[in-house]
Amino acid sequence: MKDIKSYTLEELKKEMEELGEKPFRAQQIYQWLHEKLARSFEEMTNLPLGLREKCAERYELTALKQIRMQESAIDGTRKYLFELRDGRLVESVWMKYKHGNSVCISSQVGCRMGCAFCASTLDGLERSLTPSEMLDQVYAITLLTGERVSNVVVMGTGEPLDNYENLLRFLTLITDEKGLHISQRSITVSTCGLAPRMRQLADQQLQITLALSLHAATDEKRRKLMPVANRYSIQELMEACAYYFEKTGRRITFEYALVGGVNDTKEDAMELSALTRGLNCHVNLIPVNPIKERNFVQSETSEIAAFKNKLEKNGINVTIRREMGRDIDGACGQLRRRQKALQ
Ligand code: SAH
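Since this is a predicted model, take the numbers as computed values, not measurements.

*Asks:* Any chance you could break down the overall build of the chain for me, citing the residues and the numbers?
*Replies:* Regarding its fold elements, the chain presents 11 helices and 14 strands. Taking 343 residues into account, the globule formula puts the C-alpha radius of gyration at 20 Å, and the chain, at 21 Å, falls close to it. If you line up the chain on its principal axes, its C-alpha atoms span 70 × 45 × 35 Å. Sorting the 343 residues of the chain into buried and exposed places 55% on the buried side. Of the contacts made within the chain by residues no fewer than 6 positions apart, 67% connect residues no fewer than 24 positions apart.

Laid out in structure tokens, this is it:
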């Protein structure tokens with residue numbers, strides 16, 4: 001069946017034309033789907049019953065089912081586990097900040113990038129998500145919380161640039177003024193560094209933030225943590241980042257997960273400074289979230305502070321990521337893994 005929630009308004013108009021319906025029906029349906037967040041055709045009460053039935057026969061309407069929800073007692077962060085139409089599971093996280101609510105969505109079921117510290121990739125990639133499955137993580141959470149989402153980060157399970165076409169369509173729909181209308185500047189896409197795709201994204205000239213998961217300042221060290229570093233060198237990534245800035249004027253975010261004794265020494269901080277100095281960027285330090293399948297440990301608090309200081313002294317714009325939801329399986333992919341183990 002056709003996936004109606006992944007259509008743009010223009011495409012939906014064509015669909016209605018094929019059904020012999022007037023174009024304004026497409027507008028009505030689009031509004032139900034993307035503004036009123038309808039989860040069934042029955043809800044679309046201003047459509048004639050016959051059309052609702054025709055749609056239900058012809059189209060699938062993606063509406064994710066909540067399987068579990070964990071709420072942090074510390075900061076109110078909520079982690080949702082959703083079931084897709086084919087029974088597969090994805091996680092999404094809802095975070096409350098002073099400046100608004102943020103949702104972190106998954107872009108794939110599992111991941112094939114193989115980063116050493118990440119729980120999402122342990123069983124490999126099952127499949128990529130459709131645009132409607134990415135959208136509906138935001139829609140379902142909006143309905144479940146009753147609160148508007150103002151920021152979206154594509155930083156959950158999966159490599160978004162490994163699902164490039166669907167990601168672009170998702171971005172078009174979520175920012176559409178006739179839908180939830182989330183501003184491009186309030187969206188961040190995080191990548192492990194697929195350099196050619198980063199350039200392709202730059203060419204779209206969107207105002208979204210691109211975050212690069214760097215995690216090491218030398219190729220040698222990076223290859224130990226991230227297999228993708230065997231495909232693209234840091235040099236290539238830096239050039240792709242410069243290109244992204246040139247095309248969009250958007251400052252790049254570099255993510256750097258601090259792993260105790262692996263990439264958190266003074267020397268590492270010096271190398272990272274040398275790499276990022278003079279670039280229009282922001283470095284986000286993340287104390288690694290240890291997963292039980294691997295024996296990585298967090299850096300000492302004093303090491304983290306010293307690392308940050310070193311960067312600051314070198315004039316680098318740096319923050320330490322506030323840890324949210326530590327008490328609720330915060331690290332990517334942990335809740336999904338736990339549920340799968342139970343099944
Ligand atoms: N594939 C994309 C987006 C998903 S991962 C990417 O690599 O950027 C989102 C971020 O979480 C990445 O920076 C990733 O490296 C980081 N991450 C994964 N597992 C982590 C862990 N156990 N502790 C801290 N950060 C982790």
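*Asks:* Report on the environment of Ile141, specifying residues and quantitative values.
*Replies:* Checked against the element boundaries, Ile141 lands in helix α4 (residues 131–145). On a C-alpha basis, the gap between Ile141 and Ser92 in space is 8.6 Å, while along the polypeptide they are 49 residues apart. Each residue touching Ile141, except ones within four places of it in the same chain, is listed here: Tyr80, Phe82, Ser92, Trp94, Val103 and Gly146.

*Asks:* For the nonpolar core, give the residues involved together with the corresponding values.
*Replies:* Ranked by size, the top nonpolar core spans 97 residues in total, and within it Val138 and Phe170 carry the most contacts. Both of domain 1 (2–60) and domain 2 (65–342) provide at least three residues apiece to this core. Not counting residues within four places of it along the chain, the set of residues in contact with Phe170 comprises Ile105, Pro131, Met134, Leu135, Val152 and Val154. In this structure, Met95, Cys104, Val153 and Met324 belong to the second largest nonpolar core, which totals 5 residues.

*Asks:* Before we move on, could you go through the sheet that holds strand β5 (residues 89–97) and cite the residues and values that matter?
*Replies:* If you trace the 10 strands from one edge of the open sheet to the other, you get β3-β4-β5-β6-β9-β10-β11-β12-β13-β14, paired in mixed fashion. The open sheet terminates on both sides in strands that have one partner only, identified here as β3 (65–71) and β14 (318–320). Recorded for the sheet is a direction-independent mean angle of 20° between the axes of neighbouring strands. By the bridge criterion, 3 bridges tie strand β9 (residues 151–154) to strand β10 (residues 187–191) in an arrangement that is parallel. Looking at β10, one finds that Val154 is bridged to Val189.

*Asks:* How would you explain the pairing of strand β12 (residues 252–258) if you had to name every residue and give the values?
*Replies:* Taken across its 7 residues, β12 has 7 buried, putting it largely inside the fold. Neither face of β12 is left uncovered, since the one carrying Ile252, Phe254, Tyr256 and Leu258 and the one carrying Thr253, Glu255 and Ala257 both have all their residues buried. Bridge analysis of strand β11 (residues 209–213) against β12 gives 3 bridges, and the strand direction is parallel. Residue pairing for β12: Leu212 is matched across the bridge by Phe254.

*Asks:* Describe the domain arrangement of the chain, naming the residues involved and giving the relevant values.
*Replies:* If you check the domain split of the chain, you get domain 1 (2–60) and domain 2 (65–342). Its C-alpha centre places domain 1 at a distance of 33 Å from the equivalent point of domain 2. Carbon and sulfur atoms make up 55% of the surface buried where domain 1 meets domain 2, a total of about 1400 Å² over both sides. Per-residue buried area on domain 1 facing domain 2 is highest for Lys5, His34 and Leu37; these three make up 37% of the total on that side. Where domain 1 meets domain 2, there are 4 salt bridges.

*Asks:* Explain the pattern of salt bridges to me, and be specific about the residues and the numbers.
*Replies:* Side-chain pairs of opposite charge can arise whenever the charged atoms involved come near each other. On inspection of all chains with the given rule, the structure shows 22 salt bridges. Note that Arg78 is salt-bridged to Glu71, the shortest N-O span being 3.3 Å. Looking at Arg78, the relative accessible area reads 19%, which means it is buried. With a shortest N-O distance of 2.7 Å, Glu147 and Lys96 are connected by a salt bridge.

*Asks:* Could you give an account of the pairing of strand β4 (residues 78–83), with specific residues and numbers?
*Replies:* Burial analysis of β4 places 5 of its 6 residues in the buried class, the great majority of the element. When β3 meets β4, the two strands line up antiparallel, connected through 6 bridges. Of the residues in β4, the one forming a bridge with Gln66 is Phe82. In this structure, the hairpin formed by β3 and β4 is closed by a connection of 6 residues, where Gly76 is found at a positive phi of approximately 80°.

*Asks:* Please provide a residue-by-residue account of the environment of Asn280, values included.
*Replies:* With respect to the helices, strands and loops of the structure, Asn280 is situated in the loop between α9 (266–276) and β13 (281–287). Separated by 30 residues in the primary sequence, Asn280 and Arg250 place their C-alpha atoms 8.3 Å from one another. With near-sequence residues (within four places) excluded, Asn280 lies in contact with Phe245, Arg251 and Ile252.

*Asks:* Any chance you could break down the packing of aromatic side chains for me, citing the residues and the numbers?
*Replies:* When we look at a pair of aromatic rings, we describe it by the centre distance and by the angle of the planes. Per the stated rule, a full pass over the model turns up 3 aromatic pairs. Ring geometry for Tyr7 against Tyr59: centres 6.4 Å apart, planes inclined by 90°, an arrangement best described as edge-to-face. Of this pair, Tyr7 sits in the loop between β1 (2–3) and α1 (9–18) while Tyr59 sits in strand β2 (residues 59–60), and the two are 52 residues apart along the sequence. For Tyr7, a relative accessible area of 15% puts it in the buried group.

Conventions used here
- Residues numbered from 1 in each chain as written.
- Predicted model: local features only at pLDDT ≥ 70, side-chain atom pairs only at ≥ 80, totals over all residues.
- Heavy atoms only, no water.
- Helix = DSSP H or I, 4+ residues; strand = E, 2+ residues; numbered from the N terminus.
- Rg over C-alpha atoms; globule rule 2.2 N^0.38 Å.
- Buried < 20%, exposed > 50% of the residue type's maximum accessible area, 1.4 Å probe, protein only.
- Contact = heavy atoms within 4.5 Å.
- Core = buried A, V, L, I, M, F, W, Y, C linked by side-chain atoms within 4.5 Å.
- Domains from an automatic or database assignment.
- Pairing = 2+ DSSP bridges.
- Axes fitted to C-alpha atoms, helices over the stretch in contact; angles between N-to-C directions.
- Buried area = accessible area lost by both parts, 1.4 Å probe.
- Salt bridge = Lys/Arg side-chain N within 4 Å of Asp/Glu carboxyl O.
- Phe/Tyr/Trp six-rings, centres within 6.5 Å; stacked < 30°, edge-to-face > 60°.

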